[in-house]
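# Inside the fold
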Amino acid sequence: MGWLPYAVAGWILLVGLYGLATSRNLVHTVGCLAVAQSSTYVLLLAVGYRSGGTAPVYSDAEPGTPVVDPVVQALVLTDIVVGATVTALLLALVIQIRKRHGTVDPERLTELKG
């Protein structure tokens, strides 16, 4: 494995950040933030990958058999749960903004300006 997973993670991050910068809708902004965060899944899996590695079940493995790092897999699962929670919270906030202000366009939210 070489540089390809890192390039894919960077590309996914750039696509998400481009969507964040050009979004004119708060729901679209939350979706783009979720896409940008998904690049961390790819990055963590690329870091934890080991060529020829098996699942980290040590009862079946012979000594000296390469296994993948289980800590990285746990970090990815934690990242997915945190990402889903943050996305749900942000979407709930968007619903409340829509109810109170009647729009999800950030440019038309004049009451929020300081």
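Here we summarise the structure given alongside this text. This one's a predicted model, so the numbers in the text were calculated from it and none came from an experiment.

Thresholds, definitions, all that
Residues numbered from 1 in each chain as written. Predicted model: local features only at pLDDT ≥ 70, side-chain atom pairs only at ≥ 80, totals over all residues. Heavy atoms only, no water. Helix = DSSP H or I, 4+ residues; strand = E, 2+ residues; numbered from the N terminus. Buried < 20%, exposed > 50% of the residue type's maximum accessible area, 1.4 Å probe, protein only. Polar contact = N/O pair within 3.5 Å; in protein donor to acceptor, adjacent residues only side chain to side chain. Contact = heavy atoms within 4.5 Å. Axes fitted to C-alpha atoms, helices over the stretch in contact; angles between N-to-C directions. Parallel < 35°, antiparallel > 145°, perpendicular 65-115°, else oblique. Nonpolar A, V, L, I, M, F, W, Y, C, P; charged D, E, K, R; others polar. Left-handed = near helix turned anticlockwise from the far one by under 90°. Expected span 1.5 Å × (residues − 1).

## Considerations on the environment of A46
- In this structure, A46 sits in helix α2 (residues 26-48).
- A46 gets classed as buried once you look at its relative accessible area, which sits at 4%.

## Focus: the side chain of T103
- The residue T103 is located in the segment after α3 (70-101) in this model.
- On the accessibility criterion, T103 (7% relative accessible area) is buried.
- Within the local environment of T103, its side chain forms a polar contact with the backbone nitrogen of D105, the two atoms lying 3.1 Å apart.
- Leave out the neighbours within four places in its chain, and T103 touches I97, R98, R108 and L109.

## Description of the packing of α2 against α3
- Where α2 contacts α3, the two axes come as close as 10 Å, and the packing angle between them is 175°. The orientation of α2 with respect to α3, classified from their angle, is roughly antiparallel. Contacts from L26, V27, V30, L33, A34, Q37, T40, Y41, L44, L45 and G48 in α2 reach V72, L75, V76, D79, I80, G83, T87, L90, L91, V94 and I97 in α3.
- Tallied by class, residues from the contact of α2 with α3 come to 16 nonpolar, five polar and one charged.

## Remarks on the packing of helix α1 (residues 4-22) against α2
- Two elements in contact, α1 and α2, have axes whose closest approach is 8 Å; the angle formed by their N-to-C orientations is 170°. Relative to α2, the element α1 is oriented roughly antiparallel. Of the two elements, α1 crosses α2, and the hand of that crossing is left-handed. Residues P5, Y6, V8, A9, I12, L13, G16, L17, G19 and L20 of α1 touch α2, and the partners they reach there are H28, T29, C32, L33, V35, A36, S38, S39, V42, L43, A46 and V47.
- Its residues assigned to classes, the contact of α1 with α2 shows 16 nonpolar, six polar and no charged.

## Here's the deal with the environment of V68
- Within the secondary structure layout, V68 lies in the loop between α2 and α3.
- For V68 and S51, which are 17 residues apart along the polypeptide, the C-alpha to C-alpha distance reads 8.5 Å.
- The contacts of V68, once residues within four sequence positions are left out, are G48, R50, G53, T54, P56 and Q73.

## Points about α2
- The terminal C-alpha atoms of α2, which comprises 23 residues, lie 34 Å apart, in line with the 33 Å expected from a rise of 1.5 Å per residue.
- Buried residues of α2: L26, V30, C32, A36, S38, S39, Y41, A46 and G48, and no others.
- In the core, the buried residues of α2 are packed alongside α1 and α3.
- At the N-terminal boundary of α2, the capping side chain belongs to N25, with an oxygen 2.9 Å from the backbone nitrogen of V27.

Treat this as a map of the structure, not an account of what it does.
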